[in-house]
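Breakdown of the fold
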Amino acid sequence: SALDEFILSDADYGYGRKKQRRKVILASSSGWRRIDGVGSDALPPGRFVAGTTGTPIGDVRIIGVCIPWADARVRYAEEKRKKWEDHAAYLDALDAILPKKAPKRTIVVGDFNQRVPRRNAPQALYDKMQELFSSRKMTFATAGIGLAGKRAIDHVVLSNDLTAESISVVSNWHGKRRLSDHFGVIVDISAK
């Protein structure tokens, strides 16, 4: 069914429950198996979903993330956080979730709330994010891409057995109307 094409993160992402809103949605016309909507209790809630889907190159594990921005739950949440606290906690929890050895046929995709190369994030958090993936021989396919002078914070990270054949961006504007505060990223991926 059409519902089998989508997997969703939990609705609670730290600002109260809004049943119709999700931070992470993954879609595949092949459907999903091995679905994980939590990742770890250590992750800030509502910002993770993973599943395995069939593709022309075989099964691929896709991990959708929404790493909290610098001010996540700093001002308006019931449980107040320090600036970058949820971001750091997310990176630590993701490090515990991902296999320690280089994973095969794995893509991590979503809102990383950091630019690559670094721009505004604290150096220590940028280094932590880079080490998390480089230690697993995973690479940012979207490093350095941008649109209208702005670099992406939405990224695609690939295991070392996958390669990006092409990368493009989709404007977040339709005429004079802004559709999102993020522009879109399209990456065509193949097996090495």
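Up top is the structure.
In this report, the structure presented in the accompanying data block is examined. Because the structure is predicted, anything quoted here is derived from the model rather than measured.

Moving on, we get to the sheet that holds strand S3 (residues 33-36). Strand order in the open sheet formed by 6 strands is S3-S4-S5-S6-S10-S7, with mixed pairing between adjacent strands. Of all strands in the sheet, those bounded by a partner on one side alone are S3 and strand S7 (139-140). The pairing of strand S5 (residues 58-66) with strand S6 (residues 106-111) spans 6 bridges and is parallel. The residue of S6 that forms the bridge with Cys 66 is Asp 111. Along the sheet, helix H1 (residues 85-97) makes contact with strand S4 (48-55) and S5, crossing S5 at roughly 160 degrees.

Right, let's talk about the packing of H1 against helix H2 (residues 123-134) for a bit. Helix-helix packing is characterised by the crossing angle of the two axes and by the distance between the axes. Where H1 contacts H2, the axes come no closer than 10 Å and their chain directions differ by 15 degrees. As the angle between them shows, H1 and H2 are arranged roughly parallel. For the pair H1 and H2, the crossing hand works out as left-handed. When H1 is examined against H2, the residues His 87, Ala 88, Leu 91, Asp 92, Leu 94 and Asp 95 are found in contact with a partner set consisting of Leu 125, Lys 128, Met 129, Leu 132 and Phe 133. Class assignment for the residues of the contact of H1 with H2 results in 7 nonpolar, 1 polar and 3 charged.

What follows is about the nonpolar core. A general trend in soluble globular proteins is that nonpolar side chains are found buried together. Membership of the largest hydrophobic core comes to 26 residues, with the highest contact counts inside it found for Val 65, Leu 94, Val 108, Phe 112, Met 129 and Phe 133. Mapped onto this core, the elements with two or more residues apiece are S4, S5, H1 and H2. Setting aside residues no more than four positions away along its own chain, Phe 112 makes contact with Val 65, Ile 67, His 87, Met 129, Phe 133, Phe 140, Ile 153, His 155 and Val 157. Among the nonpolar cores identified, the runner-up in size contains 14 residues, and Val 49, Ile 62, Ala 141 and Val 187 belong to it.

Rules used throughout
- Residues numbered from 1 in each chain as written.
- Predicted model: local features only at pLDDT ≥ 70, side-chain atom pairs only at ≥ 80, totals over all residues.
- Heavy atoms only, no water.
- Pairing = 2+ DSSP bridges.
- Helix = DSSP H or I, 4+ residues; strand = E, 2+ residues; numbered from the N terminus.
- Contact = heavy atoms within 4.5 Å.
- Axes fitted to C-alpha atoms, helices over the stretch in contact; angles between N-to-C directions.
- Parallel < 35°, antiparallel > 145°, perpendicular 65-115°, else oblique.
- Left-handed = near helix turned anticlockwise from the far one by under 90°.
- Nonpolar A, V, L, I, M, F, W, Y, C, P; charged D, E, K, R; others polar.
- Core = buried A, V, L, I, M, F, W, Y, C linked by side-chain atoms within 4.5 Å.
- Buried < 20%, exposed > 50% of the residue type's maximum accessible area, 1.4 Å probe, protein only.

By themselves these figures say nothing about function.
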